[in-house]
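Summary of the model geometry
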Amino acid sequence: MPRALHRWDLDIAEARTVQTRLAARVETHDRLGQVRAIAGVDCGFEDDGRLTRAAVVVMRWPGLDVIESTLARVPTTFPYIPGYLSFREMPAILAAFKQLETRPDLLLCDGQGIAHPRRLGIACHLGLWLDRPAVGVGKSRLVGAFEPPGEEKGSSTPLVVHDETIGAVLRTRDRVRPLFVSPGHRIGVDSAARWVLDCAIRYRLPEPVHAADRLASSKSCGRN
DNA sequence: GCGACAG
DNA sequence: ATCTTGTCGC
């Protein structure tokens, strides 16, 4: 990646420019190898948001048993602004990945992929940075129009923007609010939704993300 | 100018 | 995201 894109102390205008430049590099078609390790990524906060906690939990596929997990606590340097989430959470997430020994074959990130105003949600940003296939798993909508999917687990409807399908609104549990799945990098909409559904066993969120979610939000429980 | 708005 | 108990439903 270009040197200019390796900084995180940017203002909104600069961040916007970075997003537009990086969005051109996002691959929206399947380009995955054999998937043996899936990483779930999520962040939590402490001290009223002044500290960001990023968690990565890697699970084996198939089986979804935990292989490894890391947790990083980093000072927060960017405010939460819809559309600029990656600039707030990526520093901590990258710190968590540096502690990781495993090389995940697929990343499931809490947040959007290309279902973003400039097609660069956090899953795209992370997927590009680590050069890994990545999927955005959002718990709510940022952009796009959709029709509510059926009430049963597995049903989904397309998430559309300007006549183009950018993701899927997927029900991962019967009668529970659907997830907003979109490609992050090196994967298409259908495969992205497929992987999320295949990893959704016990909760609304796919196992790897659920585990990362719990690790990132648990206060003073466990050493790191 | 008025809403919408990932975590 | 986070502050927080009980409570309704499968």
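Residues numbered from 1 in each chain as written. Chains lettered and ligands numbered in written order. Predicted model: local features only at pLDDT ≥ 70, side-chain atom pairs only at ≥ 80, totals over all residues. Heavy atoms only, no water.

Right, let's talk about the protein's contact with DNA strand B for a bit. Taken together, 18 residues lie around DNA strand B, and Tyr80, Gly83, Lys139, Ser140 and Arg141 are the ones closest in. Sugar and phosphate atoms form 52% of the subset of DNA strand B atoms that lie within 4 Å of the protein. In this structure, a base nitrogen belonging to DNA strand B sits 3.1 Å away from a main-chain N or O atom of Leu85. Take His116: an N or O atom from its side chain is 3.4 Å from a base nitrogen of DNA strand B. (Near = heavy atom within 4 Å. Polar contact = N/O pair within 3.5 Å; in protein donor to acceptor, adjacent residues only side chain to side chain.)

Core analysis: the biggest nonpolar cluster contains 44 residues, and Val56, Phe87, Ile93, Phe97, Leu107 and Leu126 have the highest contact counts within it. Per-element tally for this core: the top contributor is helix α2 (residues 85-98), with 7 residues. In contact with Leu126, other than residues within four places in its own chain, are Val41, Met90, Ile93, Leu94, Phe97, Leu107 and Cys109. In this structure, Leu106, Val181, Ala193 and Leu197 belong to the second largest nonpolar core, which totals 28 residues. (Core = buried A, V, L, I, M, F, W, Y, C linked by side-chain atoms within 4.5 Å. Buried < 20%, exposed > 50% of the residue type's maximum accessible area, 1.4 Å probe, protein only. Helix = DSSP H or I, 4+ residues; strand = E, 2+ residues; numbered from the N terminus. Contact = heavy atoms within 4.5 Å.)

Take the UniProt feature "binding site: Mg(2+)" (unreviewed entry) in chain A next. UniProt's feature table lists "binding site: Mg(2+)" (unreviewed entry) at Asp42 and Asp110, given in the numbering used throughout. A maximum C-alpha distance of 5.4 Å places the annotated residues, which cover 69 residues in sequence, within one compact spot. Summarising the element assignment, Asp42 is placed in strand β1 (residues 37-46). Within the secondary structure, Asp110 sits in strand β4 (residues 106-110). On the basis of relative accessible area, Asp110 is assigned to the buried category, the value being 13%. Beyond its immediate stretch of four places on either side in the chain, Asp110 contacts Val41, Asp42, Ile122, Val137, Lys139 and Val209. (UniProt positions renumbered as here; feature names shortened; annotations may be inferred.)

Our next topic: the UniProt feature "site: Interaction with target DNA" (unreviewed entry) in chain A. Mapped onto the present numbering, the UniProt feature "site: Interaction with target DNA" (unreviewed entry) falls at Tyr80. With respect to the secondary-structure elements, Tyr80 resides in the loop between β3 (66-75) and α2. Not counting the four nearest positions on each side in its chain, Tyr80 is found in contact with Leu85 and Arg88.

Across the 7 residues of strand β8 (residues 179-185), 7 count as buried, placing the element largely inside the fold. Bridge count for strand β5 (residues 134-138) against β8 is 5 bridges, and the pairing is antiparallel. For Gly136, the partnering residue across the bridge sits in β8 and is Ser182. Looking at chain direction, strand β7 (residues 164-170) and β8 are connected through 3 bridges and run antiparallel. Bridge pairing in β8 places Leu170 opposite Leu179. (Pairing = 2+ DSSP bridges.)

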